[in-house]
Amino acid sequence: MNGMDSSSPTDSPDSPKTLIACVGNMLMLDEGFGPYFARVLLEPDVAAEFFDEDHVAILADTFCADSTLEDPAGKIPVVDAGTMGMSMIPYIRDYDRIIFIDVIDCGEESGVAPGSVLVLTPEEMAEHTVMHTLHDMKVSDVLNNARLAGYDADVSCICVQKQDISPVEMTIDLTPPVKAAVPVVAGALMELLGIEDERA
């Protein structure tokens, strides 16, 4: 996200109703990337750690906290989806398009370096989803349950390869390579939303 056009995709009445769902457990180091990224999108002070004033302003003009389904300013809602679950089904019902932000574990044998950013389908993401307990659910599982209820949405997943999601003690932080992925994830998100880099 080196530079962006300030025009918003929500300016058009034909734009799909879009939600950004940031997934993760902020107490487990890199597993907390999703909730942290939600703060980058919603809190200018956090965004300023990574972007200049112009880009911080673009984020503020583009995204809002998910307090209501209809934002009067036409901004795109952002929700901290926690560790995923059936609570996402109402969002799948109410939105045309959902972009998930999460960490994945491709395994050491994959050669994917920590902090690498991949844009995946829900099915591709499911192969590398971090599961801490039997109560955790994959995005693809939630979507399948929603479809059984008659709901569906266009879903994309922006994923970051983890470095450490199993700290000895609960830790609210990110490892350096994963934290460094924030601008890359932001750029991928803007590209999916159709907000182009004006200096590309």
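As the structure is a computational prediction, the values presented were derived from the model and not from experiment. Position labels on residues start from 1 in each chain and follow its written sequence. A pLDDT threshold of at least 70 governs which residues receive local features in this predicted model, and a stricter bar of 80 or more applies before side-chain atom pairs are shown or counted, although totals over entire chains, interfaces and linings include all residues. For side-chain calculations, the full set of non-hydrogen atoms in the structure is used, while hydrogens and water are omitted.

(A) Examining unusual backbone geometry more closely. One non-glycine residue with positive phi stands out, namely L29, at about 50°. Of note, L29 is situated in the loop between β1 (18-23) and α1 (33-42). Helix numbers and strand numbers start at the N terminus; a helix is a DSSP run of H or I with at least 4 residues, a strand a run of E with at least 2.

(B) Local environment of a nonpolar patch on the surface. Patch membership needs two things, relative accessible area over 30% and no salt bridge, and members are linked within 9 Å if like-charged or within 5 Å if nonpolar (Val, Leu, Ile, Met, Phe, Trp, Tyr). All accessibility values rest on the Shrake-Rupley procedure with a 1.4 Å probe; residue burial counts only the protein chains present in the view. We define a salt bridge as a side-chain nitrogen of Lys or Arg found within 4 Å of a carboxyl oxygen belonging to Asp or Glu. Taken together, the side chains of M26, L27, M170 and I172 present a nonpolar region at the surface, about 410 Å² in accessible area. Residue placement: I172 occurs in the loop between β6 (154-161) and α7 (176-179).

(C) Representation of the nonpolar core in the model. What is meant by a nonpolar core is a set of buried Ala, Val, Leu, Ile, Met, Phe, Trp, Tyr and Cys residues, joined one to another through side-chain atoms within 4.5 Å. Whether a residue is buried, partly exposed or exposed follows from its accessible area with a 1.4 Å probe, protein chains only, as a fraction of its type maximum: under 20%, in between, or over 50%, in that order. Ranked by size, the top nonpolar core spans 33 residues in total, and within it I20, F33, F37, V40, F63, I101 and L189 carry the most contacts. Within the residue set of this core, elements represented by two or more residues are β1, α1, α2 (44-47), α3 (53-62), β3 (76-82), β4 (97-104), β6 and α8 (182-193). Top contributing element to this core by residue count: α8, with seven residues. The next biggest cluster of nonpolar side chains, apart from the first, holds 26 residues, and it includes A81, Y95, V142 and A153.

(D) Expanded view of α8. Each residue after the first adds 1.5 Å to the expected span of a helix. The end-to-end C-alpha distance of α8 is 16 Å, a good match for the 16 Å that twelve residues give at a rise of 1.5 Å each. Listed as buried for α8 are V182, V185, A186, G187, A188, L189, M190 and L193. Remark: G194 follows α8 within two positions and exhibits a positive phi of approximately 85°.

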